[in-house]
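# Close look at the chain arrangement
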Amino acid sequence: HTFFEMLGNWSFGDYFKEEACAMAWQLLTQVYGIPKDRLYISHFGGEPTLGLSVDEETREIWLGLGVQPDHILPFGLRENFWEMGETGPCGPCTEIHYDHRGGRNAAALVNRDSPEVVEIWNLVFMQYNREVDGSLRPLPALSVDTGMGLERLVTVLQGKRSNYDTDLFTPLLGAIHQSSRCPPYKGLTGGADVGKVDMAYRVLADHIRTLSVCIADGVYPGMSGAELVLRRILRRAVRFSTEVLQAPPGTLASLVPTVAHILGDAYPELISGTNRIMDIINDNEAQFLSSLQQGRRVIDRTLLKMDDGKVFPGAVAWALHRNLGFPLDLIGLMLEERGVSMDTETLNKLALENAKLQSQAAHFEGESNVAVDLHSLAELHSKEVPPTDDSAKYTYSLGQDGRYGNTPL
C-alpha cells in the first residue's frame, strides 16, 4: 500500500517489554478473540559482531504469557532489530505473526514472505542510540514503539486472505467496476491476472486513498519532495485507469466520495473537502493526459527524423521524462512496438547526473551546525534547564485554499 493506517502505542520511560507484550497479547487473544495457536512470535536472536546477545528476556516474557515454545522464533538484525536510520534510537523488536490457514505448525513460514503467514504487530524496544561512528550507546530512558497495520488486522478479524477483500476496499472496487469496461474484480494475481486487470483495480483502490488523504491534509501533487511522490502516484493511477481498465477521464476523481464514505469518520476533512479534492485530481489528470499526447507527438517526430536508425536518442527520452513527466517505461513500450531500441547508456548517464544533483541539493538543505542528541537532552534535563517554549508551532489553521498556515507571532 502507498497509504495504510498504523495502530500502536508508545512509552517514553513509563513501561517496557513485559507490559508491552502483555497488553498486545491481551488485545489480540482476549479482546479480538484471535486463536492463540495461529499466532507466532519472532524475537531478536543476537548479533555477536555488535556485542548483542539473544533477547532471552522477551522470549521468557512470551513463555510466561502462555505462548508455546515452538511458536517463539529467533531472527537476526534484518528482521528483529529496528532502526530509524543510519543514526538515532534503535533496539530489538518482537513481532506477532498470524497464520491465515491454521490447523498446522507454520513456524517455517514466519518471515518468509508467505502470503499465508503475515506480520500483524511489531513491538520495538528502543534501548540504544546508533551513533555517527556506527556504535551503539544505551539510551538514558528505555522506550517502546509498537505498530500494527489496520488493514492487516481487519483482514484477520473479517476472515479474509487479502486486504482488498475487506470492507476497507470492496466499496472502492465496486465503484471502479461501475466506471470501467472490464469484468468485476476477481482477486487474481501473477500469471492468472491476464492483462493485469485485477492489478489495475488494486492500484486505483490503493492510490485514490493516498491521494484523497494527502490532498485533504494540504499536500498537493507537485515537483519536489512529498509533492513529487504524490504526483507520480496520481499519474500511475491515471495510466492504469485509462490504459488497462479503459475507464473514461474523471474516473479517478469520481472515487473520492467513496473514500470519504469509508474513512470520513476518522478523517472528517475528507467529507468537507470532497469537491476540492476531486477538482485537484481532475486538473492534474487532464494535465497529464495532455502531456502524454504531447509526448507521443515528440516521439513520432523524432522517429521520423531518425531515417533508418534503430536507436532512439536517450537525451530525448530523458527530456520527455524530466520536463513532461512522461513515464520511461511507456516510452520503452512505444519504441518496442515500433522495433526501435533505446540509447540506454545516455539515458542512464543523465538519470545518474540528475540523481547526484538532487542528492547534493538535499544535503545542502539539510546541513546544520546545531546537533543536539538524546544524551545531550538528558543532560540538560538533569541540570533542570527549562525546555524551549515551542507552543507557537501548534497554533495553525486550515485556509480556504486547503493549505495550513501558522499564526504570525
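This text follows the structure it describes.
To keep things clear, this report deals only with the structure shown in the data block. For every chain, the first residue of the written sequence is number 1, and numbering continues from 1 onward in sequence order. pLDDT decides what is reported in this predicted model: residues at 70 or higher carry local features, side-chain atom pairs at 80 or more are listed and counted, and totals for whole chains, interfaces and linings draw on all residues regardless. Side-chain figures throughout are based on the complete set of non-hydrogen atoms in the structure, without hydrogens or water.

Counting its secondary structure elements, the protein contains 15 helices and 12 strands. Dimensions of the protein, computed from the C-alpha atoms along their principal axes, are close to 75 × 55 × 45 Å. Per-residue burial for the protein yields a buried fraction of 42% across its 409 residues. Long-range pairs, those at least 24 residues apart, make up 67% of the contacts in the protein with a sequence separation of at least 6. For the purpose of counting charges, residues Lys and Arg are taken to be positive, whereas Asp and Glu are taken to be negative. His and the chain ends are not included. Charge positions are represented by NZ for Lys, CZ for Arg, CG for Asp and CD for Glu. One finds the centroid of the 36 positive side-chain charges in the protein at a distance of 9 Å from the centroid of its 53 negative side-chain charges. For helices the rule is a DSSP run of H or I covering at least 4 residues; for strands it is a run of E covering at least 2, with both sets numbered from the N terminus onward. The rule is simple: take the accessible area with a 1.4 Å probe, protein chains only, and divide by the maximum for that residue type; under 20% is buried, over 50% is exposed, in between is partly exposed. Residues count as neighbours in contact if any of their non-hydrogen atoms are within 4.5 Å of one another.

Let's shift gears to unusual backbone geometry. One non-glycine residue, Asn 111, lies in positive phi territory at about 60°. Within the secondary structure layout, Asn 111 lies in the loop between β6 (88–99) and β7 (117–130). Using a relative accessible area of 21% as the deciding quantity, one classes Asn 111 as partly exposed. With a phi angle near 55°, Lys 196 is a residue other than glycine that sits in the positive phi range. Take Lys 196: it is sitting in the loop between α5 (170–179) and α6 (197–216).

Should a side-chain nitrogen of Lys or Arg be within 4 Å of a carboxyl oxygen of Asp or Glu, the pair is scored as a salt bridge. Here the structure, examined in full by the defined rule, presents 13 salt bridges. Its salt-bridge partner being Arg 101, residue Glu 116 comes within 3.1 Å of it at the nearest N-O pair. Taken as a pair, Glu 116 in the loop between β6 and β7 and Arg 101 in the loop between β6 and β7 lie far apart in primary sequence, 15 residues in all. Among the ionic pairs, Arg 104 bridges to Glu 116, the shortest N-O distance being 3.0 Å.

Right, let's talk about helix α1 (residues 17–31) for a bit. One full turn of an α-helix is made of 3.6 residues, so residues set three or four places apart face in the same direction. Multiplying one less than the number of residues by 1.5 Å gives the expected span of a helix. With 15 residues, α1 should reach 21 Å at 1.5 Å per residue; the first-to-last C-alpha distance of 20 Å fits that figure. Within α1, burial applies to Lys 17, Ala 20, Cys 21, Ala 24, Trp 25, Leu 28 and Thr 29. Seen from one end, α1 has its buried residues packed into an arc of 130°, which puts them on one side. Facing away from the buried side of α1 by more than 90 degrees, the exposed set consists of Glu 18, Gln 30 and Val 31. Buried-residue contacts for α1 involve β3 (39–44), α2 (56–64), β6, β7, β8 (136–149) and α4 (150–157). Phi for Gly 33, located one or two positions after α1, is positive at around 70°. The directions considered for the arc run from the helix axis to the C-beta atoms.

Time to look at the packing of α5 against helix α9 (residues 256–263). Two numbers describe a pair of packed helices, the interaxial angle and the distance between the axes. Lines fitted to C-alpha atoms define the axes, with helix axes restricted to the stretch in contact, and inter-axis angles between N-to-C directions lie between 0 and 180 degrees. The N-to-C vectors of α5 and α9 enclose an angle of 165°; their axes lie 10 Å apart at closest approach. The orientation of α5 with respect to α9, classified from their angle, is roughly antiparallel. With respect to the hand of their crossing, α5 and α9 are arranged in right-handed fashion. Here Pro 171, Leu 172 and Ala 175 of α5 lie close against α9, whose contacting residues are Thr 258, Val 259 and Ile 262. Should an angle lie under 35 degrees it is considered roughly parallel, over 145 roughly antiparallel, and from 65 to 115 roughly perpendicular; all remaining angles are considered oblique. If you view the pair so one helix is near and one far, a crossing is left-handed when the near helix is turned anticlockwise from the far one by less than a right angle, and right-handed when it is turned clockwise.

What follows covers the packing of aromatic side chains. Aromatic contacts are taken between Phe, Tyr and Trp rings whose centres are within 6.5 Å, Trp giving its six-membered ring; a plane angle under 30 degrees counts as stacked, one over 60 as edge-to-face, and the others as tilted. Within the structure shown, the criterion is met by 7 aromatic pairs. An angle of 70° between the planes, with centres 5.9 Å apart, marks the rings of Trp 25 and Trp 62 as edge-to-face. Of this pair, Trp 25 sits in helix α1 while Trp 62 sits in helix α2, placing them 37 residues apart in sequence. Across this residue pair, the class does not change: Trp 25 and Trp 62 are buried. Feature note: the residues Phe 44, Phe 81 and Tyr 128 constitute an aromatic cluster, connected by ring pairs.

A few words now on the side chain of Asp 145. In this structure, Asp 145 sits in strand β8. Buried and unpaired, Asp 145 has Lys 17 as its nearest opposite-charge partner, separated by 15 Å. The residues contacting Asp 145, other than those within four sequence positions of it, are Asn 9, Trp 10, Trp 82, Asn 122, Leu 123, Val 124 and Met 126.

The next subject is the nonpolar core. Soluble globular proteins tend to bury their nonpolar side chains together. Counting 60 residues, the largest nonpolar core has Ile 208, Leu 252, Ile 281, Ile 299 and Phe 312 as the members making the most contacts within it. Top element by residues in this core is α6. It accounts for 11 residues. In contact with Ile 299, other than residues within four places in its own chain, are Phe 312, Leu 320, Phe 326, Ile 331, Met 334 and Leu 335. In this text, buried Ala, Val, Leu, Ile, Met, Phe, Trp, Tyr and Cys residues form a nonpolar core when linked through side-chain atoms within 4.5 Å. In terms of nonpolar packing, the next biggest core, distinct from the first, is built from 25 residues, Trp 25, Ile 34, Tyr 98 and Met 148 among them.

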